[in-house]
Amino acid sequence: MSSAKTPLLGFALALTALSSACASTGVSKEEKALAQAVEAALAPASQEEREAANRADPLTRANFWGKEYQKDPQSIENALQFADALRAIGSQDRAIDVVGKTLVLHPGNADLLMMSGRILMAQGNHEAARASFEQVTRAAPGRADGWAALGTAFDQMEMHRQAQMNYQRALSIEPARVTTLTNYGLSLLLSGDLAGAEAQLRAAAAQPDAGPRVTENLALVIGLQGRFDEMKEVSAQNAPDKVAEQNAALLRGLVQPARTYDALIGGGNTSTSTAPGSKRQLRGTLNQ
């Protein structure tokens, strides 16, 4: 029996003993109060209490769900909420431990596998995350987020063709999902397909729930194709004109052919190793 269950077992035994005593011989008010306290401690929180906890600060939320998880470690909801709260306070190792123990009790549960994959991605363990997301796609092939998450894992492993196949599968289920369209576009960008990246990012930016980051990525792709005036127009939707102009000027300088050392000291040759479309240049730009 695990140590996590031992205190609860003690409470349960105490409650049983007190309840039996109340029923057979009668007990004092103090003993009845203790029995009620034990029963209250073992009872799950109400829906209102759970919602209030999720609105609280991260530490309070983690403490609340830790107690709920101790009451019932077999509950999928308790495990997911506790793991998510642990992630919010930076306890990734504890979070993956909680999810792993619950997966033993509920093997193949898609929600637990998704949480496991997300934690592993945050830890930088992309290969293990990929394996977890692949299990999600087998357990719940109709989940767009599972295919999309698998795509991001492949992208992190620099396997962009495989990533894009999974983004396409996700979009066949949810064609307007902004995060999938955006990640698909960025994956194409990493592959050097600027036109394809622009098409996906335009589709993402057209969605009503698209945020400023989508527009920024679209402006970047347009600028990398040398259309700086259009880049400024797109960027200005979320930034002041002065900032949009500065961004365009900066990108214009980055994508110009870099001069060699000989050219800088008086020679005339230049290098085109950083021209737009170069995979090396695109990767460096995205990492900044």
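Scroll up a little and you will see the structure.
Residues numbered from 1 in each chain as written. Predicted model: local features only at pLDDT ≥ 70, side-chain atom pairs only at ≥ 80, totals over all residues. Heavy atoms only, no water.

**Q** How would you summarise the overall build of the chain if you had to cite specific residues and measurements?
**A** A tally of helices and strands in the chain yields 17 helices and zero strands. Looking at the chain residue by residue over its 288 residues, the buried ones come to 38%. By sequence separation, contacts in the chain at least 24 residues apart represent 45% of the contacts at least 6 residues apart. As presented, the chain carries roughly 15500 Å² of accessible surface, and 53% of it is formed by carbon and sulfur atoms. (Helix = DSSP H or I, 4+ residues; strand = E, 2+ residues; numbered from the N terminus. Buried < 20%, exposed > 50% of the residue type's maximum accessible area, 1.4 Å probe, protein only. Contact = heavy atoms within 4.5 Å. Areas by Shrake-Rupley, 256 points an atom, 1.4 Å probe, with all protein chains shown as cover.)

**Q** Help me get a handle on the packing of helix α7 (residues 110-122) against helix α8 (residues 126-139), residues and values and all.
**A** Packing of α7 against α8 brings their axes to within 8 Å, and their N-to-C directions diverge by 160°. Between α7 and α8, the interaxial angle falls into the category roughly antiparallel. The element α7 and its partner α8 pack so that their crossing is left-handed. Residues Ala110, Leu113, Met114, Ser116, Gly117, Arg118, Leu120 and Met121 of α7 lie in contact with α8, whose contacting residues are His126, Ala128, Ala129, Ser132, Phe133, Gln135, Val136 and Ala139. Here the residues of the contact of α7 with α8 sort into 10 nonpolar, five polar and one charged. (Axes fitted to C-alpha atoms, helices over the stretch in contact; angles between N-to-C directions. Parallel < 35°, antiparallel > 145°, perpendicular 65-115°, else oblique. Left-handed = near helix turned anticlockwise from the far one by under 90°. Nonpolar A, V, L, I, M, F, W, Y, C, P; charged D, E, K, R; others polar.)

**Q** Lay out the nonpolar core in plain terms, naming residues and giving numbers.
**A** Membership of the largest hydrophobic core comes to 52 residues, with the highest contact counts inside it found for Phe82, Val98, Val99, Leu112, Met115, Phe133 and Leu189. For this core, the element with the highest residue contribution is α7, accounting for eight residues. (Core = buried A, V, L, I, M, F, W, Y, C linked by side-chain atoms within 4.5 Å.)

**Q** Tell me about the packing of helix α9 (residues 144-156) against helix α10 (residues 160-173), and name the residues and values.
**A** Between two packed helices, both the angle of their axes relative to each other and the distance between the axes serve to describe the pair. For the pair α9 and α10, interaxial distance at closest approach is 8 Å and the crossing angle is 165°. For the element pair α9 / α10, the angle class is roughly antiparallel. Two packed elements cross with a definite hand, and for α9 against α10 that hand is left-handed. Counted together, Ala144, Trp147, Ala148, Leu150, Gly151, Thr152, Phe154 and Asp155 of α9 and His160, Gln162, Ala163, Asn166, Tyr167, Arg169, Ala170 and Ile173 of α10 form the full contact between these two elements. Its residues placed into classes, the contact of α9 with α10 shows nine nonpolar, five polar and two charged.

**Q** Now, about α7: what can you tell me, with residues and values included?
**A** With 13 residues, α7 ought to run about 18 Å at 1.5 Å a step, and its terminal C-alpha atoms sit 18 Å apart, in line with that. Most of α7 is tucked away, with 10 of its 13 residues classed as buried. Buried-residue contacts for α7 involve α5 (76-88), α6 (92-105), α8 and α9. Put simply, Asn109 is the residue that caps the front of α7, since its side-chain oxygen is 3.1 Å from the backbone nitrogen of Asp111. Trailing α7 by a residue or two, Gly124 shows a phi angle of about 85°, which is positive. (Expected span 1.5 Å × (residues − 1). Polar contact = N/O pair within 3.5 Å; in protein donor to acceptor, adjacent residues only side chain to side chain.)

Read these as spatial facts, not as claims about activity.
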